[in-house]
Amino acid sequence: MRNWKIFVPIFISTFLLLLLPSNYLNGCYWDEEESRSMFAFFNQEVAEQEDFKPFYFTFDRLYEYSWDEPANKQSDNIQEWVDYHKGQVTEEDIRHFVYKATGNELSAIKAYVDGTKPNPPGRINSVVKYWKKNRSTEVIDYLIYAKQCEPKVSIEGYYNPWEEIKRDKQAMLALSEEGKNLFASFKDPFIKLRTAFQVLRLNHYAGKYEECINLSNQWLPQLKEVESLIQYWALGHKAGALIKGNKRAKASYYYAQIFDQCPSKRVPAYYSFNIKTDAEWNKALGFCKNNSEKIAMHAIRGIAPYSQSIEEMQSIMNLDPNSSYLELLLVREVSKIDNAIFNYSFDFEYPIKIEDKPDFGDPVEYARTLRSFIEKTLSSGKASNPALWHTASGYLSYVANNFDSARASFKKAKAANRYNDKLTTQLEVFSFILDVAETKVANSTTEEALFNSYENIASDAKAHSDEYLYRFFANHMKKLYEKQGEPAKAFLTTNGLYDLKLDPDLEVVEGILKFAAKSNKNRFEQKLLSSVGSNPTDALREIKGTAHLINNDLDLAIAEFEKVSPSLLAKSYGYNMRGEPSMSEIRDCIECDEQYANRENLSISKLDIAKRLQKLIKLAPQLGGEAASTYLEIGHIYYNMSFFGNSWPATSYTRSGGDWNALGSTQEWYAGIASSPAFDVHMAREYYERGLDANPDDEIAAELLYHISKCDFIDFCKDSRYNGGWNTDWSGLAEYRENFETLKQDYKHTNYYNQIIEECGYFRTYVNR
Amino acid sequence: MKLRPIYFIFLVSLFSYSCETSPREEVNPAFYYWKTHVTLSETEREYVTDLGVKKLYIKFFDVDWQNNAAVPLASATFDKDSLPSVEIIPTVFITNRTLLNTHSSELQALADKIGAKLKRLTKKLPDHSIREWQFDCDWSGKTRDKYFELLHWLRKQVDSPNFSLSATIRLHQIKYFEKTGVPPVDRGMLMFYNMDNVKRFDTRNSILDIEVAKKYLVNFDSYPLELDIALPIFSWGVVKRNGKMVFLINNLTTADVQDTSRFVQTDARHTQVIKSTYVDGYYLYKDDIIRVEQVPIEALQESAILLNKRIQTEKLSVAFYHLDQKTIKSYPHEKLENICTHFY
């Protein structure tokens, strides 16, 4: 019986792929793969619908469902076999004969059971004992026959999806004929039904759909009194054959009943249900013999992807207000709203901010509609589990920003709840998020109280929403800290040391340093500070010094770096600094030249660089005619500390070559990268230009002009008209090439000119065009 | 080093020159066939013959990631007697998640499997010459290198000078080809459709919008692959529920939403469901909004005029996506023939 394991996921995947037109899959955008994570406060499992758990709302195909072990398929079947043997056999023994024993083993046992052979072929277990006592040869004949059928309809052993599945149709039909004879000869209805199932399955898979339907019509009514899951397994093959004959209404009616009644085939039945028109739906509904069957039709439609289930819930309510499907559909709808809101509003704030509203719609409005339906149901007294309905109503009130109404509903839910522990925890979670949402001031009292509540609930709510709860709580506190003018604490709610390094804001760093020094921090404050390490002062000072260096406040940078422990400062040696800061490069070459190869020998820290800059800047004006080369060196240091030089770790903690794409981009998500100080070369330009003003000789002047041209090219790339040079329209480049032109016209006679002609393709092309 | 592509563009822009479009040698009408069971009706066969179709691009299977493995899905089955005597080009759609999840060291093995399956399916069409495989993947920055390596290994599967590989190319992959890369194949099939965001409410026509297309019509002169063209002749209904796109109904036309007891047109592009109803297997709820997107013949003509100026391919295939009984009723073969004449 391995075939379902293999075919169901494949069939479903195929089905889902077919649902999406390939055109849609092949979009015209340079998008990365979407990854979505579910953020939710509402736990659907409060509905306690274990049998229908795969149909709770989820992004995945099914909720916590394992394709390898479809719902109790073997265990339900084995239980039936145990019951058939009047409970006198063990599960283990009957499992052996149903799923493991070979036909030969069974034939040998049959010889013992019917007296042909005096001794059993092996151990006499509970099943053999029962068969011998009752001379049950029919069941053995059936099992021998089933074991012949199984390999013809299933795939044994390892299945390679790349290989073609070959079925021996002739052998299948021969077995079908044998099965018909056995069916006629067997007396026991339980065995007859199972034989019928084997024959129907053989005909279905052999493509003999009419035969499958005819035999079903002939045999199954005779056996309708047999209470067995095999009734539904057999019906599934009849429905499959009907689908092939385009009799979708009847087939879908059967699938709905299988979905409703047979846990082991519930998932395949759900995926096979297939109605195309209103006429087919009405026809299928017409086949229903009672309200329960009609409810199954509405339920299966209500759990379809993207269904809008209020309509189905209303229909079910009209047929039977006690139907358990109502609770399944209810929790699905609440979870959809939960997901719709929190999946898009990434900062989890209140009041809920819906971004990109035209594209997204208004889940809050839908929450109001759903709540109105729930309240109507509660008022009518028809809700069979009022605690769950009140809980859902309260949560939807909260989503719609009506906190008083939410509290009132939760109170009613708590009063109505008797035995559901999950619901008790859920109500605690909701009470906490309401407390958070209603907190208007962050102070030691509210911090302590909310953090204590969070810790108490988190352990109960674990595995569902503890992480989300903390993020929600922390984010709310962040808003309050921002409002109260506490940027350091606001930063620490959702960020850590790494975030600070990415964007070293001096005000925040100083604020955190002060906060770290505060005595008597409460437990929430301690938790906040833990996000920047156990001893943050040293790291924060190093970041502060770096921020000063970026801002070109050299005195302040030096003063701060001098407070940092030598061991931390030393980390900027060697592997971190990629090259000597004052090196002159005609072609920028990050991490690829000789200096980089010997970087372990570099022992220069951020402090050293700041001091060297300070010294050179003081020295240069005093040098008169010699100042130009010193200005050139200062320019190089500033240039090399930018994204484009090998001393970039002096001012950045991270560098990605891909960040180049952000230059000049008008796309919003690149804006932060493009405005980073790492791309700012104005200080380098300023000192190169001072060098030119200091009457240099022609060699130095050529070098200064060339390096100013490099700054020009970076500015060109940052110009939004040219989008980092990715646009093909380079017509505006000329305005950035004035210094190339000066070099070309006035410095041909210099050695440096020849060097750049040799090494720089841009300049060579410019000169030769 | 990041400067290299810039340098490359710079050189290209310095040395490129414009040239007159020379008359083409051939313009061959072609079709995509994208259904799993490949069987052409009498009407479809007649249409293909009347239009003078030379090639059918048939989707042989998809490759997707399931249960921690790359697997083939929706493998084609053939009613070979229904196929006209035209060249068949097996096409394989590969999902990005397959490439994301497949380790680089497994790409050669995946290519072996794809190649073997293509060859096995090809044997079912003994009367047709197969000289090309086409691969369809909307590769992203994360999957580009793996996709290109997979194509490299697929080429090894058919190491013959008379056999070519082609890949589908989206418009943005031409405009930004320095970023998106150029697949290592012999030809590209430019998919001149799906050019706007289908999910946005204010999108005019996500399938084909000439104004949107114009923004992408750059870099054709420097794009290194010889290009064929795929033009859309399909329609669909974009269904929005509670403001969010929930699914597409293939082949939906305005004629399908004319029943005033179930639908009301709210503006030029949108129709509202006023009574819950099934449409082609999809259950639509009251208040759902449908935007029917179709491709008028005039838009195809304008596309042809725009593309003719930019595509230099001498032996050009113009493939219409896709062959379907219902769709072709809206596009008489003379009209499509006329579209092809714009490329001469």
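Given the structure is predicted, the values throughout are model-derived calculations rather than measurements.

1. So, the overall build of chain A
Here is step 1 of the chain: Check the secondary structure of chain A and you find 40 helices and zero strands.
Here is step 2 of the chain: Once local pairs closer than 6 in sequence are excluded, the contacts in chain A between residues at least 24 apart make up 66%.
Here is step 3 of the chain: Approximately 34,300 Å² of chain A is accessible, and the part contributed by carbon and sulfur atoms is 48%.

2. Comments concerning the packing of aromatic side chains
The geometry of an aromatic ring pair is captured by two quantities: the separation of the ring centres and the angle between the planes.
Here is step 1 of the chain: Applying the stated criterion across every chain, the model contains 66 aromatic pairs over all chains.
Here is step 2 of the chain: Here the aromatic rings of Phe52 of chain A and Tyr325 of chain A are separated by 5.1 Å at their centres, their planes lie at 75 degrees, and the arrangement is edge-to-face. Pair noted here: Phe52 of chain A is in the loop between helix H2 (22–25) and helix H3 (73–84) and Tyr325 of chain A is in helix H17 (residues 325–344), with a separation of 273 residues, a long-range link. Grouping residues by exposure puts Phe52 of chain A and Tyr325 of chain A together as buried.
Here is step 3 of the chain: When the centroid spacing of 5.5 Å and the interplanar angle of 35 degrees are considered together, the rings of Tyr193 of chain B and Tyr321 of chain B count as tilted. Residue Tyr193 of chain B is found in the loop between strand S9 (187–191) and helix H8 (210–216), and its partner Tyr321 of chain B is found in strand S18 (residues 315–321); the two are separated by 128 residues along the sequence.
Here is step 4 of the chain: Since its relative accessible area comes to 4%, Tyr321 of chain B is described here as buried.
Here is step 5 of the chain: Aromatic ring contacts, followed pair by pair, group Tyr32, Trp34, Tyr57, Tyr193, Phe234, Trp236 and Tyr321 of chain B into a single cluster.
Here is step 6 of the chain: Geometry around Phe643 of chain A places Arg655 of chain A over its ring, the cationic atom sitting 3.9 Å from the centre.
Here is step 7 of the chain: Across the ring face of Phe61 of chain B, the terminal group of Lys117 of chain B is positioned such that the distance to the ring centre comes to 5.6 Å.

3. Things to note about the sheet that holds strand S14 (residues 270–273) of chain B
Paired through their backbone hydrogen bonds, the strands of a sheet run either parallel or antiparallel.
Residue and element names in this part refer to chain B.
Here is step 1 of the chain: Judged by pairing direction, the sheet is antiparallel, and its five strands sit side by side in the order S12-S11-S17-S14-S13 without closing on themselves. Edge positions in the sheet fall to strand S12 (244–250) and strand S13 (263–265), since each of these pairs with one other strand and no more. Between one strand axis and the next, the sheet turns through 30 degrees on average, direction left out of account.
Here is step 2 of the chain: Pairing geometry for strand S11 (residues 236–241) and S12, over six bridges, is antiparallel. Within S12, the residue paired with Val238 across the bridge is Leu248.

4. Focus: the nonpolar core
Here is step 1 of the chain: Counting residues in each nonpolar core, the largest one holds 164 residues, and the members touching the most others are Trp131, Trp389, Tyr395, Tyr398, Phe473 and Ile512 of chain A.
Here is step 2 of the chain: Among all residues touching Ile512 of chain A, those that are not within four sequence positions of it are Ala488, Phe491, Leu492, Leu500, Leu529, Val532 and Leu540 of chain A.
Here is step 3 of the chain: With 104 residues, the next largest nonpolar core counts Tyr32, Phe60, Trp236 and Ile311 of chain B among its residues.

5. So, the packing of helix H30 (residues 554–561) of chain A against helix H33 (residues 606–619) of chain A
All names here are of chain A.
Here is step 1 of the chain: With their axes 9 Å apart at the nearest point, H30 and H33 run at an angle of 145 degrees to one another. Between H30 and H33 the crossing geometry is left-handed. Residue-level inspection shows Leu554, Asp555, Ile558 and Phe561 of H30 in contact with H33, the latter providing Lys606, Leu607, Ala610, Lys611, Leu613, Gln614 and Ile617.

6. Observations regarding the confidence of the model for chain A
Any segment with low pLDDT has predicted coordinates that should not be analysed in fine detail.
Here is step 1 of the chain: Chain-level pLDDT for chain A is 85 on average; 85% of the residues reach the 70-or-more range.
Here is step 2 of the chain: Segment residues 344–360 of chain A: pLDDT under 50, and 43 contacts once partners within four positions in sequence are set aside and those in other chains are kept.

7. Let's talk about the environment of Thr122 of chain B
Residue and element names in this part refer to chain B.
Here is step 1 of the chain: Tracing the sequence through the fold places Thr122 in helix H4 (residues 107–122).
Here is step 2 of the chain: Thr122 sits 62 residues away from Phe60 along the chain, and the two C-alpha atoms are 9.0 Å apart.
Here is step 3 of the chain: Apart from residues no more than four positions distant in its own chain, Thr122 is found in contact with Phe60, Pro90 and Ile130.
Here is step 4 of the chain: One polar contact links the side chain of Thr122 to the main-chain carbonyl oxygen of Leu118, over a distance of 2.5 Å.

8. Comments concerning the environment of His85 of chain A
All names here are of chain A.
Here is step 1 of the chain: Following the sequence through the fold, His85 ends up in the loop between H3 and helix H4 (91–100).
Here is step 2 of the chain: For the pair His85 and Tyr130, spaced 45 residues apart in sequence, the C-alpha separation works out to 7.5 Å.
Here is step 3 of the chain: Other than its neighbours up to four places away in sequence, His85 contacts Ile94, Tyr130 and Trp131.

9. Examining a negative patch on the surface
Here is step 1 of the chain: A contiguous patch of negative charge, built from Glu626, Asp697, Asp698, Glu699 and Asp746 of chain A, is present on the exposed surface.
Here is step 2 of the chain: Note on placement: Glu626 of chain A falls in the loop between H33 and helix H34 (627–640).

Cut-offs applied
- Residues numbered from 1 in each chain as written.
- Chains lettered and ligands numbered in written order.
- Predicted model: local features only at pLDDT ≥ 70, side-chain atom pairs only at ≥ 80, totals over all residues.
- Heavy atoms only, no water.
- Helix = DSSP H or I, 4+ residues; strand = E, 2+ residues; numbered from the N terminus.
- Contact = heavy atoms within 4.5 Å.
- Areas by Shrake-Rupley, 256 points an atom, 1.4 Å probe, with all protein chains shown as cover.
- Phe/Tyr/Trp six-rings, centres within 6.5 Å; stacked < 30°, edge-to-face > 60°.
- Buried < 20%, exposed > 50% of the residue type's maximum accessible area, 1.4 Å probe, protein only.
- Lys NZ or Arg CZ within 6 Å of the ring centre and 35° of its normal.
- Pairing = 2+ DSSP bridges.
- Axes fitted to C-alpha atoms, helices over the stretch in contact; angles between N-to-C directions.
- Core = buried A, V, L, I, M, F, W, Y, C linked by side-chain atoms within 4.5 Å.
- Left-handed = near helix turned anticlockwise from the far one by under 90°.
- pLDDT = per-residue confidence, 0-100.
- Polar contact = N/O pair within 3.5 Å; in protein donor to acceptor, adjacent residues only side chain to side chain.
- Patch = residues over 30% accessible without salt bridge, like charges linked within 9 Å, V, L, I, M, F, W, Y side chains within 5 Å.
- Salt bridge = Lys/Arg side-chain N within 4 Å of Asp/Glu carboxyl O.
- Lys, Arg positive; Asp, Glu negative; His and termini not counted.
- Charge placed at Lys NZ, Arg CZ, Asp CG, Glu CD.

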